[in-house]
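# What the coordinates show
Single-letter residue listing:
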Amino acid sequence: MISAEASPERRGRFHRSLPAYCVWAIFVLFCAIPAFAQTPDLIPRKALFSSPEYAAVTISPDGRLLAYLAPSAEGVANVWVENLSTHEKKMITHAGHRGIPGYVWAYDNARILYFSDENGDEDFHLYSASLNADVVRDLTPFQGIQAQVLLRSPARPDEILIGMNLRDRRLFDMYRVNLNTGATVLDTRNPGDVIGWTADSDLVIRAATAFTDKLDTVVRVRDSQKAPWRDLLAIPFEQAPFLGQVNGGTIVVGFSKDGKRLTVGSSKGSPTTRLVEFDTTTGRELRVLASDPRADMWQEFATRFIVLSDPKGGRIRAVAFNYMKPEWRALDPGTANDFKYLASLQKGVFAVNSQDLTGTRWTVVFFSDVAPSSFYLYDRKAHKAKLLFRENRTLEKYTLAEMKPLEIPSRDGFKLVSYLTLPPGSSGKKLPLVLLVHGGPWARDEWGFDPVIQWLANRGYAVLAVNYRASTINVPYMNAGNNRIGTGTDDDLTDAVRWAVREGIADPKRIAIMGGSFGGYSTLRGLTLHPDLYACGVDVVGPSDMATLMNSIPDYWKPVKKRWLRRIGDVTADAALNEKISPLFHAAEIRAPLLIGHGLHDPRVKVEQSVKIAETIRKNGGAVTLIVYSDEGHGFERPENQLDFNGRVEEFLHGCLGGRFEPWEKIPGSTGETK
């Protein structure tokens, strides 16, 4: 959510937690399973949820250096740089409390740029870390503001464009920042409805994505910095793809080098987003570069599409579509040959993490369902790749579980794209089941390695991840959830669980539901509607009162709030609707044990939401435990807090489902307190 250029191996991996883009990493367990051919070794929580050994590996624009995230001596994720010639390594950031979630290179090759907030409050600032001077500088040192969206260009290596709500807390304007002096000037003013900006190759903002009062998604363009804006494309609400970002969400992919053509991810007149090229002068659609009849283009945190472009010319070389798994479409023979070779390196799905400015050296990340990410350096001229790092070598000695993509029919025939993971060595029958619900709801579960799912499967659980209606598979799939949030979405989750019971996979007496954000809401909703279906539930930062949620979100979310109310129903004006779908009003129905985790500084779902439903359940004689973390927000970012909460969950699920577990112990540095 915070960056226009998050690392590809993080793309799509954490929607389950929060529509927010930090890792919530919760839970797991095992149960007394009668048919285990060979019980796998217990994977320590620390091996799954500590900071990765390597993550977000990228190459510098000049091709001389590698950067990556790795733990400091204290175990906190920081940015490291390695010289490819001498292999000298150096940590250039000094985060000591909350790790750095992602970064990008400045085009001057001398700085790393990254976002960071305080204790999860999401008031992100943009920082610059010098490779040579060992200096970290706050480029947006303004109190009470949020910095979002970073735009760069090789043509302007000493400048960047950054979005801030400095002039008006409700709106994000774009500011031009000089990296040498820190001088900041207003570059482009937000007229009030723009949620995302796109610059041309000269770092001039010439395209904008806007949400109009009619709820249309509009792409605007202009010919120069001083030229007037004009609408290029307008997509009606019912046809538009979902964008979850307030400042940074965009359906624009980029300009051609001459600035006369614009590539857009458009779903106008199509059930899926297609990669479409437009003439910026006439607005005429020139051609469809790629499409898939089943699925939208692969997205990064519901904010932008994942494509491979020429690093200088802007020409699109490849784009991926994501139904069951991401699938690449190469748009030229050279890239097709590159991708054919890369696909031969190992099983799984890959993405190009970064390129040097010549486009001849790439860092490539591989995803798999049964292994953490692997990172390669690919030389296009030599047509040869070299393995650089594996994300977490500790896990190589353990048996990991395969994730099976499948379609599950809902009661009305709606096909639910889902993922089933069974414990290694199990019979696959009469297993305790964890229904793991993704956040959003306008997000999706994806195929690939997931530490939470591996943890659950290692403890002996069948894990079912369901893309309920409203998930962002394609436009009709998403729209099927309109006015059915909390009703149709619950039906889908319930039907998937009952399918697992009918198939003999799940033991009907040992089923848990858990999730974060909207997944936490779904946990609360499921426990109120189906008190006899679930043996227990785990809710992380889930809203219990939808009207309170809508009325308390930050001011700068106004452009998306109208669209959310259109999809949910206006819970702020319709008290009966709010009472119907808000778990708080039905807390007396919660009879199964419940564990709740929340961050004190959550700006999206206030901690009071969890406090209120916990108090109500207790008054009704129910069993609920609430853990609050004083240095977290919408999810748990710090490894100490993840490990602490995971341990609590592990013992909690052991108590209600009966499974093997690693005992919880107090984690030094964790701030979790029982409330």
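Above this text you will find the structure in question.
In what follows, the accompanying structure is described. Keep in mind the model is a prediction, meaning the values are calculated, not measured. (Residues numbered from 1 in each chain as written. Predicted model: local features only at pLDDT ≥ 70, side-chain atom pairs only at ≥ 80, totals over all residues. Heavy atoms only, no water.)

## Comments concerning the sheet that holds strand β30 (residues 403-409)
In space, the 9 strands of this open sheet follow the order β30-β31-β33-β32-β34-β35-β36-β37-β38, with mixed pairing throughout. The sheet terminates laterally at β30 and β38 (672-674), the two strands that pair on one side only. Across the sheet, the axes of successive neighbouring strands diverge by a mean angle of 20°, strand direction being ignored. Packing of helix α3 (residues 451-458) onto the sheet brings it into contact with β30, β31 (415-421), β32 (431-437), β33 (462-466) and β34 (506-516), and relative to β32 it is tilted by some 165°. (Pairing = 2+ DSSP bridges. Helix = DSSP H or I, 4+ residues; strand = E, 2+ residues; numbered from the N terminus. Axes fitted to C-alpha atoms, helices over the stretch in contact; angles between N-to-C directions. Contact = heavy atoms within 4.5 Å.)

## Digging into the sheet that holds strand β9 (residues 147-151)
What the 4 strands build is an open sheet, ordered β9-β10-β11-β12; its pairing is antiparallel. Pairing within the sheet leaves two strands with one partner each, and these edge strands are β9 and β12 (184-188). Taken pair by pair, the neighbouring strands of this sheet meet at an average axis angle of 35°, ignoring direction.

## Concerning the pattern of salt bridges
Taken as a whole, this structure holds 43 salt bridges when the rule is applied. One salt bridge in this structure joins Arg-98 and Asp-117, with 3.6 Å as the shortest N-O distance. Placement of the pair is Arg-98 in the loop between β4 (89-91) and β5 (104-105) and Asp-117 in the loop between β6 (111-116) and β7 (125-130), with a sequence separation of 19 residues. Overall, the relative accessible area of 11% leaves Arg-98 in the buried class. Of the residues examined, Asp-117 reaches a relative accessible area of 9% and is grouped as buried. In this structure, Arg-459 and Glu-662 form a salt bridge, with 3.6 Å as the shortest nitrogen-oxygen distance. Highlighted residues: Arg-459 in the loop between α3 and β33 and Glu-662 in the loop between α11 (639-657) and β38, separated in sequence by 203 residues. A single network of salt bridges, built from pairs that share partners, joins Arg-411, Asp-412, Arg-469, Arg-484, Asp-491, Asp-492 and Asp-495. (Salt bridge = Lys/Arg side-chain N within 4 Å of Asp/Glu carboxyl O. Buried < 20%, exposed > 50% of the residue type's maximum accessible area, 1.4 Å probe, protein only.)

## Here we look at the nonpolar core
Core analysis: the largest hydrophobic core is formed by 161 residues, its most contacted members being Leu-262, Trp-328, Leu-435, Trp-564, Ile-568, Phe-645 and Leu-653. Within the second largest apolar cluster, 18 residues are counted, among which are Val-76, Val-79, Ala-95 and Ala-129. (Core = buried A, V, L, I, M, F, W, Y, C linked by side-chain atoms within 4.5 Å.)

## Side note on the packing of aromatic side chains
The description of two aromatic rings rests on the distance between their centres and on the angle between their planes. Enumeration over the complete set of coordinates arrives at 25 aromatic pairs. Residues Phe-339 and Phe-350 carry aromatic rings whose centres are separated by 5.0 Å and whose planes lie at 90° to one another, so their mutual orientation is edge-to-face. Of this pair, Phe-339 sits in helix α2 (residues 333-343) while Phe-350 sits in strand β26 (residues 349-355), placing them 11 residues apart in sequence. The two residues Phe-339 and Phe-350 agree in class, both being buried. Members of the aromatic cluster, connected to one another through ring pairs, are Trp-298, Trp-328, Phe-339, Tyr-341, Phe-350, Trp-362, Phe-366, Phe-367, Tyr-376 and Tyr-378. Directly above the aromatic system of Trp-447 lies the positively charged group of Lys-325, at a separation of 4.2 Å from the ring centroid. Its end group placed over the ring of Phe-211, Arg-563 keeps NZ or CZ at 3.7 Å from the ring centre. (Phe/Tyr/Trp six-rings, centres within 6.5 Å; stacked < 30°, edge-to-face > 60°. Lys NZ or Arg CZ within 6 Å of the ring centre and 35° of its normal.)

## Things to note about the pairing of β33
Of all the 5 residues making up β33, 5 are buried; the element is thus mostly covered by neighbouring parts of the structure. Residues of β33 alternate between two faces, with Ala-462, Leu-464 and Val-466 on one and Val-463 and Ala-465 on the opposite face, all of them buried. Pairing of β31 with β33, which is carried by 4 bridges, proceeds in the antiparallel orientation. Bridging from a neighbouring strand, Thr-421 pairs with Val-463 of β33. As paired strands, β32 and β33 are joined by 4 bridges and run parallel to one another. For Leu-436, the partnering residue across the bridge sits in β33 and is Ala-465.

## A word on the pairing of strand β24 (residues 316-322)
Each regular strand carries side chains that alternate between the two faces of the sheet. In terms of burial, β24 is largely enclosed, as 7 of its 7 residues are buried. The sheet contact formed by strand β23 (residues 307-309) and β24 spans 3 bridges and is antiparallel. Looking at β24, one finds that Ser-309 is bridged to Ile-316. Between the end of β23 and the start of β24, which pair antiparallel, lie 6 residues, with Gly-314 showing a positive phi angle near 80°.

## Examining the state of the cysteines
This model, assessed by the stated rule, comprises 1 disulfide. In this model, Cys-536 is linked to Cys-656 through a disulfide, with the two sulfur atoms separated by 2.3 Å. Handedness of the Cys-536-Cys-656 disulfide follows from its S-S torsion of about 45°: it is right-handed. Taken together, the residues Cys-536 in strand β35 (residues 536-540) and Cys-656 in helix α11 connect sequence positions 120 residues apart. (Disulfide = S-S within 2.5 Å.)

## Considering the environment of Ala-382
For Ala-382, the location among the structural elements is in the loop between β28 (374-379) and β29 (384-390). Take Ala-382: its relative accessible area is 52%, and that puts it in the exposed class. Counting along the chain gives 156 residues from Ala-382 to Val-538, while the straight-line C-alpha distance between them is 51 Å.

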